[in-house]
Amino acid sequence: MKLYRFGKPVETGAVLEKPLKFLQNEEIATFKLKQTKDSLILRYHLHKDDVVLGLGEQMGGVNKRGRKYITYNTDIPEHTPDKLSLYGSHPFIIIKGRYPEGLFIDYPGEIIFDIGFTTKDILEITITSTDIDVYHWQDVYWQNIITGYIKLTGGVYIPPKWAFGYQQCRWSYPDANSVTEIASRFRQLGIPCDAIYLDIDYMQDYKVFTINEERFPDFDKFVKKLADDGFHLIPIIDPGVKIEDGYPVYEEGKKNKYFCTDAKGDDFEAAVWPGLTHLPDFSKEAVRTWWGNLYEEFIKLGIEGFWNDMNEPAIFYTNYQKAEVYQKLQEAAADNKIEEIDLIGLQWQIRNFHNSREDYQSIFQHPDNSNSLCHDKIHNLYGAQMALAFSDHVQKHYPDKRFLIFSRSSYSGSQRYAGIWYGDNKSWWQHLEMNIKMLINCNLAGYLYSGADIGGFGDNCQAELLLRWLQLGVFSPLFRNHSAIHTRRQELWEYDKETLNISRNIIRLRYSLLPWLYSQFLEFASMNTPLIQPLFWQYRDDRCQQIEDEFIYGSSLLIAPVYQPNATGRNVYLPGKKWLLWQARSWEERKMQVIPAGDHYLECPLDRQLIFIAENKLIALQEPEDYVDQIKPDTLFITGLVTESASIKVLADQGKYPAFAGIAVLEINVERNGIDFKITIKTVNRELLQWQNLVFELYNGQGNLMVKHRKLI
Ligand code: GLC
């Protein structure tokens, strides 16, 4: 990897340890460079077989060719195919061809990636700055470029183990009673769940770091009561600080000059949920320290998880824009020319108030050790630095504890201290399909702990869509059902009895796989490697390159979600040799079948999902719990198709303390021994493993099952 430096880049914090040597203002290997007064343009001639990967959270497929993308974090509730930017910016691409190359352009402003859109075989990257760092990789294996990038930007965030449980959200559960009722429904109905969310209505007038005491009286007792029942309560945190005299967060921020300003140096005003607000300037360390401390109010009550929202930052409008409209209307009224008001024009004008580029260009930030900067140039850092404020705070004050934190807006490097969710999707089948690609793409950018709103946020979700989405969710590290205000309720019991029963089975399946899914997360995170991978990560045959609606989870599983309405099956392509197919209906019903590689149409009615275990690989399951930290089952089931030999490593750390602290390992090796299997078991820190018994359910190439029991001593 080589670092190419142009001009004087701003410190983004994406790379913690920069290479000492760099090339200044030089051409980047195979890229043609054009410099203008205020931009740099990189051009690359794509070979017809080159595949372009990367860009993290973006629209489009896994292969990014044929489309344009812009890195400029945007609050964008309509994820229609014409959209060029979403909430996060991860300006890292890989050209996967005969000679793989990778580029990470460390610039947190606008970059336009035209990947064969304007001219079919030309990749043109327009960076709207002349002060940037570009990291360039060439490697025989494109996978090394990805792990190289994740490592360079600091590795992977690991949330607490309970954050792998099922989570329930809604904008909003309006008061403590509704939350308590939701919690007891989960327990009554025997549906596992680990977290319930508080959306904006828990606050007093949407003032960040406040609680509406009327609707949430005795908040501390409320948090404790839920915790006793195994629920984590997760409040939303928005950055806009309401302008209101006497409100302590506002007063402190104002006094200490913690807010972003306008060109004149006055605190910038932007309207979000609370009305007019100021935006904290997270580029300053003092502001991050202050903001990090504000979470203390909640942490002291036992809250261990937060979701940071609206941090692109979203702006609904500014007073300046409002004044323009007001003036137009007033002039018309004064001249008595109401009929001449161009309503359509006005409508457009008002619609464009939302997240206007002009607003971002008129905000100023004042980073440490630097002159004031126009926010537009560091726009994509805002959400990442907000999450950093939290992460630095808890690392300093709670070094022995793991918190859940995820953010809507992100930038390269923030994957080392926070997860993300993919923002305001819709209850559309197309968005279920998009979720599959997004999981792959975000994993390729190091966001292993990420996921979409299950069931879709906007619009009304129907039962079938919810169930298919939950099935995909079993393999989404962040597994959260969330829906918007005014939409149909999306809790599992809001539909019919059959839907409730199927969804219970799906979520119990997730909990039964949890020790294994979590172990794989730890292992892949520690290797700086995507956990959810495109098929072609591990399998070399050409067909795999074309498959974007299946994925590999970790080392052993291939998942083929059903994402079309009224489908009772789907086409699946299986690489490699043989697979053990589990048409899973419930965790208990482990009816498996051996099927060969190749193309198949497979039945998959609504109450089943397709899980494939690779030949000579094993997976582990246990009886599901109501929540992750509940009394732990003592039997672990190991299953797989063993034609020669197979091994499995289950990592089990304490789940709450620093990852890998007190880690215990269970390592099993199974070898075919004629018609029998020889089993070898090794452990590290045996006393920390919860399991006493192992049950082996092993299949041979013909699909015959042999069950074996072992005591784990
Ligand atoms: C934004 C968030 C969404 C949240 C809503 C209200 O749209 O993306 O998740 O529910 O704001 O806070």
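Here the structure is a predicted model, which is why all the values come from computation and not from measurement.

As a further point, take the overall build of the chain. In terms of regular secondary structure, the chain is built from 15 helices and 40 strands. Relative to the 2.2 N^0.38 estimate, which gives 27 Å for 713 residues, the radius of gyration of the chain is 26 Å and therefore close to what a compact globule would have. When each of the 713 residues of the chain is scored for burial, the buried share is 63%. Counting contacts in the chain only where the partners sit at least 6 residues apart, residues at least 24 apart contribute 71% of the total. Of the accessible surface of the chain, which amounts to about 27700 Å², a share of 50% is contributed by carbon and sulfur atoms.

A word on the nonpolar core. Ranked by internal contacts, the top residues of the largest apolar core, which has 221 residues, are Phe104, Ile237, Trp291, Leu470, Phe475 and Phe612. In terms of residues, this core owes the most to one element, helix α14 (residues 497-526), which gives 15 residues. Once residues within four sequence positions are removed from consideration, Ile237 is found in contact with Tyr202, Val208, Phe209, Trp291, Tyr295, Phe298, Phe306, Trp307, Asn308, Asp309 and Met386. In this structure, Leu40, Tyr107, Ile111 and Ile125 belong to the second largest nonpolar core, which totals 25 residues.

By the secondary structure assignment, Ile507 is in helix α14. When the C-alpha atoms of Ile507 and Gly576 are compared, they prove to be 29 Å apart, with 69 residues separating the residues in sequence. For Ile507, the residues in contact, after removing those within four places along its chain, are Tyr166, Ile191, Pro192, Leu470, Phe479 and Leu492.

On to the site of the ligand. The full set close to the ligand counts 13 residues, and Asp199, Asp309, Arg408, Asp424 and His482 are the nearest of them. One of the side-chain nitrogen or oxygen atoms of His482 is found 2.9 Å away from an oxygen atom of the ligand. Burial of the ligand by the surrounding chains reaches 97%, relative to a free accessible area of 310 Å². Residue classes in the shell around the ligand are distributed as eight nonpolar, one polar and four charged.

Okay, the layout of surface pockets next. In this structure, the largest pocket encloses a volume near 990 Å³. If you list the elements that add at least two residues to the lining of the largest pocket, you get α5 (285-294) and α11 (382-397). Looking at the lining of the largest pocket element by element, the count peaks at eight residues for α11. For the lining of the largest pocket, a count of residues per class yields 24 nonpolar, twelve polar and eight charged.

Moving on, we get to helix α1 (residues 142-152). Of all eleven residues in α1, eight are buried, a share of seventy percent or more. What α1 keeps buried is the set Trp142, Gln143, Ile145, Ile146, Thr147, Tyr149, Ile150 and Leu152. On its buried face, α1 sits against β5 (51-54), β8 (92-96), β9 (101-106), β12 (132-138) and α12 (429-444). Two residues or fewer past α1, Gly154 is found with a positive phi of approximately 105 degrees.

Below, the discussion takes up unusual backbone geometry. The step from Trp171 to Ser172 runs through a cis peptide bond, and the omega angle for that step is -10 degrees. Note that Ser172 resides in the loop between β13 (166-168) and α2 (176-189). Here the bond from Glu312 into Pro313 is cis, since omega is -5 degrees, no more than 30 degrees from zero. Considering the arrangement of structural elements, one finds Pro313 in the loop between β19 (305-308) and α7 (319-334). Backbone geometry places Ala29, a non-glycine residue, at a positive phi of 25 degrees. Here Ala29 falls in the partly exposed class, since its relative accessible area comes to 46%. Despite not being glycine, Asn355 has its phi angle at roughly 50 degrees, a positive value. Its location among the elements puts Asn355 in the loop between α8 (343-351) and α9 (357-361). On the accessibility criterion, Asn355 (14% relative accessible area) is buried.

Judged by pairing direction, the sheet is mixed, and its four strands sit side by side in the order β34-β35-β39-β40 without closing on themselves. Of all the strands in the sheet, just β34 (618-621) and β40 (705-711) have a single pairing partner and so form its edges. For this sheet, the mean angle separating the axes of adjacent strands, direction not counted, is 20 degrees. Summarising the sheet, strand β35 (residues 635-641) and strand β39 (residues 693-699) pair through seven bridges and their orientation is parallel. Residue pairing in the sheet places Ile638 in a bridge with Phe696 of β39.

The next thing to look at is the packing of helix α13 (residues 463-473) against α14. Relative orientation of the contacting elements α13 and α14 amounts to 10 degrees, with a least axis distance of 9 Å. Comparing their axes, α14 and α13 come out roughly parallel. Across from Ala463, Leu467, Leu470, Gln471 and Gly473 in α13, the residues of α14 making contact are Thr499, Ile502, Ser503, Ile506, Ile507 and Arg510. When grouped by side-chain class, the residues that make up the contact of α13 with α14 number six nonpolar, four polar and one charged.

Glancing now at helix α4 (residues 248-255). Listing the buried residues of α4 in full gives Val249, Tyr250 and Gly253. Taken down its axis, α4 places every buried residue within 100 degrees of arc, on the same side. Of the exposed residues in α4, the ones pointing more than 90 degrees away from its buried face are Pro248 and Lys255. Backbone geometry just downstream of α4 places Lys257 in the positive-phi region, at approximately 55 degrees.

Scoring rules and cut-offs
- Residues numbered from 1 in each chain as written.
- Predicted model: local features only at pLDDT ≥ 70, side-chain atom pairs only at ≥ 80, totals over all residues.
- Heavy atoms only, no water.
- Helix = DSSP H or I, 4+ residues; strand = E, 2+ residues; numbered from the N terminus.
- Rg over C-alpha atoms; globule rule 2.2 N^0.38 Å.
- Buried < 20%, exposed > 50% of the residue type's maximum accessible area, 1.4 Å probe, protein only.
- Contact = heavy atoms within 4.5 Å.
- Areas by Shrake-Rupley, 256 points an atom, 1.4 Å probe, with all protein chains shown as cover.
- Core = buried A, V, L, I, M, F, W, Y, C linked by side-chain atoms within 4.5 Å.
- Near = heavy atom within 4 Å.
- Polar contact = N/O pair within 3.5 Å; in protein donor to acceptor, adjacent residues only side chain to side chain.
- Nonpolar A, V, L, I, M, F, W, Y, C, P; charged D, E, K, R; others polar.
- 1 Å grid on protein atoms, 1.4 Å probe; cavity = no way out; pocket = protein on both sides within 12 Å on 5 of 7 lines; lining within 4 Å.
- Points joined across faces, edges and corners; volume = space filled by probe spheres on them.
- Pairing = 2+ DSSP bridges.
- Axes fitted to C-alpha atoms, helices over the stretch in contact; angles between N-to-C directions.
- Parallel < 35°, antiparallel > 145°, perpendicular 65-115°, else oblique.
- Arc of directions from axis to C-beta.

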